[in-house]
Amino acid sequence: MFPSSQQAKRREGPRGRYDPVLLLAIVALVSIGIVMVASASIAVADGKHIGAFYYLKRHLLFLGLGTVLAVIAMRVELKFVEKFSMPLMLLGMATMLAVFLPGIGMRINGARRWLNLGVTSFQPVEAIKLIMIVYLASYLVRHKQAVERKLFGTVNPLVVAGLLVISLLLQPDFGSSALIIAVTVGMIWLGGARMRYLFGMAAAAAPLLAAAALSENYRVRRLMTFLDPWKDPFNDGFQLTQALIAIGRGEWTGVGLGESVQKLFYLPEAHTDFILAVIGEELGLFGIVLVLALFALLVGRGLMLGLRGVELGQHFAGYVAFGVSLMIGLQAIVSAGVNLGVLPTKGLTLPLISSGGSSVMMTCAMLGVLLRAGYEIHRAGDARRMAVRNESARVAEADLPEEAHA
């Protein structure tokens, strides 16, 4: 049977493609993460008598679930996602408040950040990171002129982010609060907001953020410990000093994969928050530079796709690419900074590498949305190239002498 006209049109029309550079960076980071979670968690799991590869199996399980979410995200048109940005935000806010409900919310280590799902727990803030990006991208498309020209156009999304931050501070989760504010400001700036508005609001908000940071004794202790971890190396400074010892032992090329000493009950959270310190010890400066270079490749490529999307008129896809790139990049910078002792401890995992449940799944979903944005941006670029070729062919045909047409 001959193909229908619709099939022929689809085959000959513009085609999208998933960005190979993004895929390469993601696969490389996931592969490093699997190896390092296995290496960093064996001693911890064996010490708890739950099986040497318990955390590795758990990490692979959540990676598998995250891959399913990513594949689904890669197949969904962004215009569909944009349509439901507001309902998604309302749902996200509801889940953020649900952590305070008895029987639904869970308190772990003094913090209420988890929902009890029966068979497992879920951290809503990991989902709200992606929801916030989608909402902001939709807002920037719908109110582009207001964002570029009016103060209220810039203030409105910051009010929404502020409401989320209040709920996060009550949990408490200062690290995620700062991350969401930073990504929100970054997306608004990339969306065309005037710098004087952003600087003015930053100056007004700085005292409030400082008050929030200093309102709890444990945050003050973290700040003081960060400034001089060796002053109390066996108490408040224990995590940071052990991380620095691990990185120092690794020197240039590391002590060898699986040969870390600090992961043997010296370095807390070796397979989660401080996994980069284990990488530094086992793979040395080379391993740390490799990981940071892969994140730079991933984030840089995402930002380039965002710029290309805005240029092609694919504003929602472009802003989504901006948001996901900023979220992944800033979280990686904060996590690396904590491990290297240049930032106070924040409790943020290293995306795609640290072991985790909610964070692993939602990071995969976020990257699936980024890949979809890249697909639609490449498709728009292909459509523009086809239009230029067709116009050139039409002009060339019109310039032919009449005898050629005959």
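This one's a predicted model, so the numbers in the text were calculated from it and none came from an experiment.

### Considerations on the environment of S335
Residue position: S335 is located in helix 14 (residues 315-340). Those residues within four positions of S335 in sequence are excluded, and the remaining contacts are D273, L348, T349 and L350.

### Here we look at the nonpolar core
Counting residues in hydrophobic clusters, the biggest one holds 95 residues, and the most contacted among them are M187, V291, L298 and I353. A per-element tally of this core places helix 14 first, with 14 residues. Those residues in contact with M187 that sit more than four places away from it in its chain are I133, L136, A137, L140, Y319, G323 and L326.

### Regarding the sheet that holds strand 3 (residues 121-122)
Read across the sheet, 3 strands follow the order 1-2-3 without closing on themselves; strand pairing throughout is antiparallel. Every other strand in the sheet has two partners, leaving strand 1 (105-108) and strand 3 as the edge strands with one partner each. Across 2 bridges, the pairing between strand 2 (residues 111-116) and strand 3 is antiparallel. Counted as the bridge partner of L115 is F122 from strand 3.

### Some thoughts on the packing of helix 12 (residues 238-250) against helix 14
Close contact between helix 12 and helix 14 brings their axes to 8 Å; oriented N to C, the two are set at 90°. With respect to helix 14, the element helix 12 is oriented roughly perpendicular. Between helix 12 and helix 14, the contacting residues are L240, A243, L244 and I247 on the first element and V338, N339 and L340 on the second.

### Quick notes on the confidence of the model for the chain
Considering every residue of the chain, the mean pLDDT works out to 85; 92% of them sit at 70 or more. Mean pLDDT across the elements of the chain ranges from a minimum in helix 1 (residues 5-12), with 47, to a maximum in helix 13 (residues 275-311), with 95. Note on residues 1-10: pLDDT under 50 across the span, and 1 contact to partners over four residues away in sequence or across chains.

### Concerning the pattern of salt bridges
Going through the model one piece at a time under the given rule, you end up with 10 salt bridges. Notably, a salt bridge pairs E77 with R372, separated by 2.8 Å at the nearest N-O pair. Here E77 is found in the loop between helix 3 (54-75) and helix 4 (78-83), whereas its partner R372 is found in helix 15 (residues 358-399), with 295 residues between them in sequence. With relative accessibility at 27%, the residue E77 sits in the partly exposed group. With relative accessibility at 4%, the residue R372 sits in the buried group. For E148, the salt bridge goes to K144, with nearest N and O atoms at 2.9 Å. Taken together, the positions of E148 and K144, both in helix 7 (residues 144-149) and 4 residues apart, correspond to about one turn of that helix. According to the relative accessible area criterion, K144 is partly exposed, its value standing at 28%. Connected through shared salt-bridge partners, E77, R372, E376 and R379 make up one network.

Analysis parameters
- Residues numbered from 1 in each chain as written.
- Predicted model: local features only at pLDDT ≥ 70, side-chain atom pairs only at ≥ 80, totals over all residues.
- Heavy atoms only, no water.
- Helix = DSSP H or I, 4+ residues; strand = E, 2+ residues; numbered from the N terminus.
- Contact = heavy atoms within 4.5 Å.
- Core = buried A, V, L, I, M, F, W, Y, C linked by side-chain atoms within 4.5 Å.
- Buried < 20%, exposed > 50% of the residue type's maximum accessible area, 1.4 Å probe, protein only.
- Pairing = 2+ DSSP bridges.
- Axes fitted to C-alpha atoms, helices over the stretch in contact; angles between N-to-C directions.
- Parallel < 35°, antiparallel > 145°, perpendicular 65-115°, else oblique.
- pLDDT = per-residue confidence, 0-100.
- Salt bridge = Lys/Arg side-chain N within 4 Å of Asp/Glu carboxyl O.

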